[in-house]
Every structure is written in structure tokens, then in C-alpha cells.
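Here is how the chains run, residue by residue.
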Amino acid sequence: MHLHILGICGTFMGSLALLAREMGVNVSGSDANVYPPMSTQLEEAGIVLCEGYSADNLSPRPDRVVIGNALSRGNPEVEAVLDLGLPYVSGPEWLAEQVLPGRRVIAVAGTHGKTTTASLLAWLLESADQTPGFLIGGVPRNFGVSARLGAHDAPFVVEADEYDTAFFDKRSKFVHYRPQIAILGNLEFDHADIFPDLAAIERQFHHLVRTVPGRGLLLVADGEPALERVLEMGAWTPVEHFGAEASSPWRLELEREDASRFRVIHEHGEGPDAVNEDAVVDWSLTGAYNARNALAALAAANACGVDLVRGAAALSRFATPRRRQELRGEVAGIEVIDDFAHHPTAIAATLEGLRAATPRGRLLAVIEPRSNTMRLGTLRDRLAASVAAADAAFWFQPPGLDWSLAPVLEASPVPARLLEDLDALVAALVAEARPLDRIVVMSNGGFGGIHEKLLAALEVAHAG
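Residues numbered from 1 in each chain as written. Predicted model: local features only at pLDDT ≥ 70, side-chain atom pairs only at ≥ 80, totals over all residues. Heavy atoms only, no water.

Attention shifts here to the packing of helix H5 (residues 114-127) against helix H8 (residues 288-303). Contact geometry of H5 with H8 gives a least axis separation of 8 Å together with a crossing angle of 45°. Taken together, the axes of H5 and H8 lie oblique to each other. Of the two elements, H5 crosses H8, and the hand of that crossing is right-handed. Contacts between H5 and H8 involve Thr-116, Thr-117, Leu-120, Leu-121, Leu-124 and Leu-125 on the former and, on the latter, Asn-290, Asn-293, Ala-294, Ala-296, Ala-297, Leu-298, Ala-300 and Ala-301. Its residues assigned to classes, the contact of H5 with H8 shows 10 nonpolar, 4 polar and no charged. (Axes fitted to C-alpha atoms, helices over the stretch in contact; angles between N-to-C directions. Helix = DSSP H or I, 4+ residues; strand = E, 2+ residues; numbered from the N terminus. Parallel < 35°, antiparallel > 145°, perpendicular 65-115°, else oblique. Left-handed = near helix turned anticlockwise from the far one by under 90°. Contact = heavy atoms within 4.5 Å. Nonpolar A, V, L, I, M, F, W, Y, C, P; charged D, E, K, R; others polar.)

Across the sheet, 5 strands lie side by side as S3-S2-S1-S4-S5; this open sheet has parallel pairing. Only two strands of the sheet have a single partner each, and these edge strands are strand S3 (48-51) and strand S5 (88-90). Strand-to-strand twist across the sheet, computed as the mean angle between neighbouring axes with direction ignored, equals 25°. As defined by bridge partners, strand S1 (residues 2-6) adjoins strand S4 (residues 64-67) across 4 bridges and the pair is classed as parallel. By the bridge assignment for S4, Leu-6 is matched with Ile-67. The sheet strands contacting helix H4 (residues 91-98) are S1, S4 and S5, and the helix crosses S5 at an angle near 95°. (Pairing = 2+ DSSP bridges.)

With that settled, consider unusual backbone geometry. Residues Ser-59 and Pro-60 are joined by a peptide bond in cis, for which omega reads 5°. By secondary structure assignment, the location of Pro-60 is in the loop between S3 and S4. One non-glycine residue, Thr-131, lies in positive phi territory at about 50°.

Right, let's get into helix H6 (residues 198-211). Taking 1.5 Å of rise per residue, 14 residues should cover 20 Å, and H6 covers 21 Å from first to last C-alpha, within 8% of that figure. Those residues of H6 not exposed but buried are Ala-200, Ile-201, Glu-202, Gln-204, Phe-205, His-206, Leu-208 and Val-209. On the buried face of H6, the contacting elements are strand S6 (105-109), strand S11 (169-172), strand S12 (181-184), strand S13 (217-221) and helix H7 (225-232). N-cap assignment for H6: the residue whose side-chain oxygen lies 3.4 Å from the backbone N of Ala-199 is Asp-197. (Expected span 1.5 Å × (residues − 1). Buried < 20%, exposed > 50% of the residue type's maximum accessible area, 1.4 Å probe, protein only. Polar contact = N/O pair within 3.5 Å; in protein donor to acceptor, adjacent residues only side chain to side chain.)

Residues annotated in UniProt with the feature "binding site: ATP" (unreviewed entry) correspond here to Gly-110, Thr-111, His-112, Gly-113, Lys-114, Thr-115 and Thr-116. Here Gly-113 lies in the loop between S6 and H5. (UniProt positions renumbered as here; feature names shortened; annotations may be inferred.)

One broad trend across soluble globular proteins is that nonpolar side chains are buried collectively. Counting residues in hydrophobic clusters, the biggest one holds 97 residues, and the most contacted among them are Leu-95, Leu-121, Leu-135, Phe-205 and Trp-283. Here the element with the most residues in this core is H8; it accounts for 9 residues. Core analysis: the second largest hydrophobic core is formed by 23 residues, Val-331, Val-336, Phe-396 and Phe-447 among them. (Core = buried A, V, L, I, M, F, W, Y, C linked by side-chain atoms within 4.5 Å.)

If you walk across this open sheet you meet the 10 strands as S8-S7-S9-S6-S12-S13-S14-S15-S16-S17, and the pairing is mixed. Edge positions in the sheet fall to strand S8 (147-148) and strand S17 (275-282), since each of these pairs with one other strand and no more. Each of S6, S12 and S13 is contacted by H6, which is oriented at about 155° to S12, the strand it contacts most. Those strands touched by H8 are S6, S12, S13, strand S14 (239-243), strand S15 (250-254), strand S16 (261-268) and S17, and its axis lies near 145° from that of S15.

Of the positions making up H4, those classed as buried are Gly-91, Pro-92, Trp-94 and Leu-95. Mapping the buried residues of H4 onto a view down its axis gives an arc of 160°, with all of them on the same face. Between a side-chain oxygen at the N-terminus of H4 and the backbone nitrogen of Glu-93 the separation is 3.2 Å; the capping residue is Ser-90. (Arc of directions from axis to C-beta.)

Here we take up the side chain of Thr-115. One can find Thr-115 in helix H5. Here Thr-115 falls in the buried class, since its relative accessible area comes to 4%.

Glancing now at the layout of surface pockets. Estimates place the volume of the second largest pocket at around 230 Å³. Along its surface, the second largest pocket is lined by 14 residues, and Ser-284, Thr-320, Gln-325, Leu-354 and Arg-438 are the ones closest to its centre. Elements with a minimum of two residues in the lining of the second largest pocket: strand S18 (326-331) and strand S19 (334-339). (1 Å grid on protein atoms, 1.4 Å probe; cavity = no way out; pocket = protein on both sides within 12 Å on 5 of 7 lines; lining within 4 Å. Points joined across faces, edges and corners; volume = space filled by probe spheres on them.)

See the structure below:
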């Protein structure tokens with residue numbers, strides 16, 4: 001069986017390729033943007049990568065083609081697939097057909113925090129000796145890969161994205177997964193390139209809710225009006241809320257301001273049978289949003305039989321996924337941190353968490369507005385305020401961004417600079433940074449290898 005994947009270096013499609021390879025399938029793929037960590041994972045798995053899209057990549061003729069949602073009509077390889085009459089399928093459909101049948105599927109959905117929450121959940125299940133399968137839109141460092149099959153009788157954790165499935169299937173990816181447990185972590189407007197408004201995304205989330213069986217479980221974040229509107233459309237599955245509200249059966253209480261230590265409280269049962277459990281999490285992550293991600297993961301793991309106290313202890317050994325507050329290096333006391341944040345809410349949450357965990361030195365934010373939503377400028381009025389927790393912001397105007405970031409700088413609550421050249425950006429950061437500073441780079445792309453360039457430039461500047 002020869003499976004060829006178009007858009008193979010995307011986080012979802014690359015993970016799909018790893019699962020297929022583990023199943024013994026001969027896998028090849030093509031992509032126009034090949035960069036680590038996904039390209040490294042694929043090459044280590046012995047998967048042949050073709051740089052760029054061409055009809056030539058379809059020789060030898062594959063038995064089936066999986067087409068990623070980033071590709072559309074007019075792409076030369078897509079056109080060749082159609083002209084040759086090759087069997088093709090979307091990535092989510094292939095996953096649903098080939099991997100998920102017979103598994104206890106746990107879907108992790110939400111505008112933010114999906115990768116971290118799914119990684120946390122997979123680690124909790126692993127720590128309880130359940131050997132879960134998973135497909136995650138990042139690389140959990142506790143596992144070193146973004147996907148694996150796991151034991152056939154163990155749960156399968158899937159990061160459940162609301163983005164559309166393929167050019168020939170405009171439903172959200174997550175409607176394919178048919179989970180027994182669904183985590184709904186948060187919901188706000190995003191993906192302005194495919195959704196006209198928040199109400200449209202809420203309808204897609206309700207489509208996910210419709211697929212969860214009555215004997216399953218919906219774990220829903222409290223204090224999220226959009227999620228409550230989703231539930232008001234109808235829910236046929238038991239719902240448990242998690243968060244900070246007193247009425248939620250899963251709650252957390254921060255014991256440190258930076259959320260590196262917090263208490264989890266679980267109340268279940270009624271009347272004389274009511275039981276209160278609690279456990280303390282002391283871990284390396286920071287930020288109240290990460291504590292909330294952990295709370296959701298603990299609740300889902302508990303539904304799979306993982307004891308709360310044992311789960312809380314396992315979190316002390318959790319390592320953040322690649323590109324989620326990942327320390328890429330340190331030179332002369334200056335840390336360079338990589339983060340995937342690319343939405344104003346995520347940028348603000350990341351910076352607030354790092355601010356609380358940075359008692360000395362400054363926090364320098366470096367931001368590339370690169371996502372489709374950012375390129376459309378839909379949320380640009382919220383960008384300036386998103387960096388309030390930083391000491392200074394460096395904005396990068398990438399090629400293809402059709403609107404100017406200048407108004408963002410004018411409204412900035414902290415000193416800000418705008419640069420359009422990567423080398424100039426690196427030079428500006430080297431000139432500004434001093435020992436004890438933390439430079440956090442935020443982008444959902446490769447950002448031209450800025451992390452390595454910055455670390456190398458800092459080495460030169462501080463040599464001797």
C-alpha cells in the first residue's frame with residue numbers, strides 16, 4: 001500500500017503520515033514549506049519528502065492520496081490527482097476510517113490550548129500505564145513524536161480542530177472523529193478566512209457536540225459564553241464543567257501567582273454519596289491558562305480511570321510541547337523562548353504567564369502576525385493591547401501582510417518597534433537584550449529560522 005500525502009509537513013498531515021508509517025504503509029509526501037520539527041520527524045521515520053508540488057511527485061503512482069486542507073484547486077499536484085483519477089481522501093476522513101474505529105476517542109477542541117491540553121492528557125494516560133494513541137498538532141516532548149497508534153485497547157487522544165477539512169469537504173475536521181469524550185476548552189472568533197462570525201464557529205462546535213454519544217462525556221470550560229450558547233443548542237451527553245466557578249465539579253485554586261503550583265478540587269456524587277477529592281500540582285509550566293489546560297486533562301484522564309492524586313503527581317514530570325513556551329537556548333543569561341501564539345488572546349495569555357514567572361529581567365516580545373486571520377487584519381485592533389505584559393515589543397511585518405502594523409505601534413502600551421527585514425530584527429534584539437532578559441518569539445510558522453539566528457548572533461556579541 002502506497003499512500004501519498006499532499007501538505008505533509010503541516011502539523012496534522014505530518015502526524016497522519018507517522019501513524020500510517022507505523023501501520024506498515026509505504027508513505028511519501030510533498031509540501032512547499034519544509035521545516036523542523038515536522039520535517040525532522042518525517043525524515044527520521046523514513047518518509048520520502050518532495051519539495052514543492054508537481055505531477056512528477058505522483059510517480060510511482062500511489063494507491064491513495066491524502067489531500068491536506070491547505071491545498072485547493074489550481075495546485076498542480078491536486079490537478080494531476082484529479083486528471084489521473086487517483087483515489088483521494090481528506091486527512092480527517094482517513095484518520096476516522098483507518099485508525100479510530102474501535103478506539104475510545106477523546107477529542108480536545110477549543111480556540112486556544114488544544115496542543116498543550118492534548119499533550120497533557122496523553123502524558124497522564126501514559127503515566128497510568130495505559131499506552132494511549134494520539135495525534136497532536138505539535139510535538140509533545142515527553143514522547144518525542146506528534147502521533148502514535150498506542151495500544152489497540154487504550155484511549156486515542158486527538159487534537160480536534162474546527163478548521164475546514166479539505167477543498168472538497170468544508171465541514172470542520174472534528175466532525176469526523178466521533179469521540180466518546182470531548183473537551184471544549186474555550187471558544188472565540190478565529191479563522192476569519194473561512195468563518196464570517198463567531199456564530200458560524202459555534203454552529204460547527206455544536207456539530208461536534210451532536211456526535212458525542214449519550215454514554216459519553218462533555219467536559220466544558222466554565223465562564224465561556226460562546227460554549228454555553230453551543231450547549232443551549234442542545235446536548236444529549238452528560239456535561240461536566242471545569243474552571244474556577246464554585247458550581248463546577250472540577251475546579252482549580254492557584255497557590256502561586258504564576259500558576260506553577262495550584263490545587264485541583266473534584267466534587268462528584270450527590271447527597272450522602274458526595275465525594276470531594278483534591279490534589280496539588282507543582283510543575284514547571286506557568287500561566288493560569290496552562291493550569292486550566294491541566295485541569296481539563298485531569299478531568300478527562302479521570303474519566304478514563306486515572307486517579308486524581310496520581311495524575312497530579314505525573315504533571316510534575318510534564319514537558320511542554322515543542323513551540324509552546326519552549327526554551328530554545330540561553331546566551332549570557334538571555335533566554336530565547338519559542339511560542340506558537342498567533343491570536344491576540346493567546347499572545348496576551350502567554351506574555352502574562354511569562355511575566356509572572358520573570359521576577360528579574362525584562363520580557364521582550366517578538367511577534368510575526370502570520371496566520372490567515374492575522375493576514376486578513378480581522379483582529380488587528382486587539383493586537384496592541386495583547387503585549388501589555390511585555391516590557392517591549394518587536395513587530396515583524398512579513399511579506400504578504402497587506403495591512404500596515406504602524407497603527408499597532410502607535411497604540412502600543414509598551415515601547416514597540418516595527419521591522420520588515422529578518423536580519424535587522426535580529427540585530428535590533430541583540431542590541432537591546434541584556435542578561436536576565438527573556439526574548440519570547442511568537443509565530444505559527446518557521447519565522448525564517450529566527451531562533452537559531454538570534455542565538456548565534458548573541459553568541460558572537462557576547463563572545464569573550
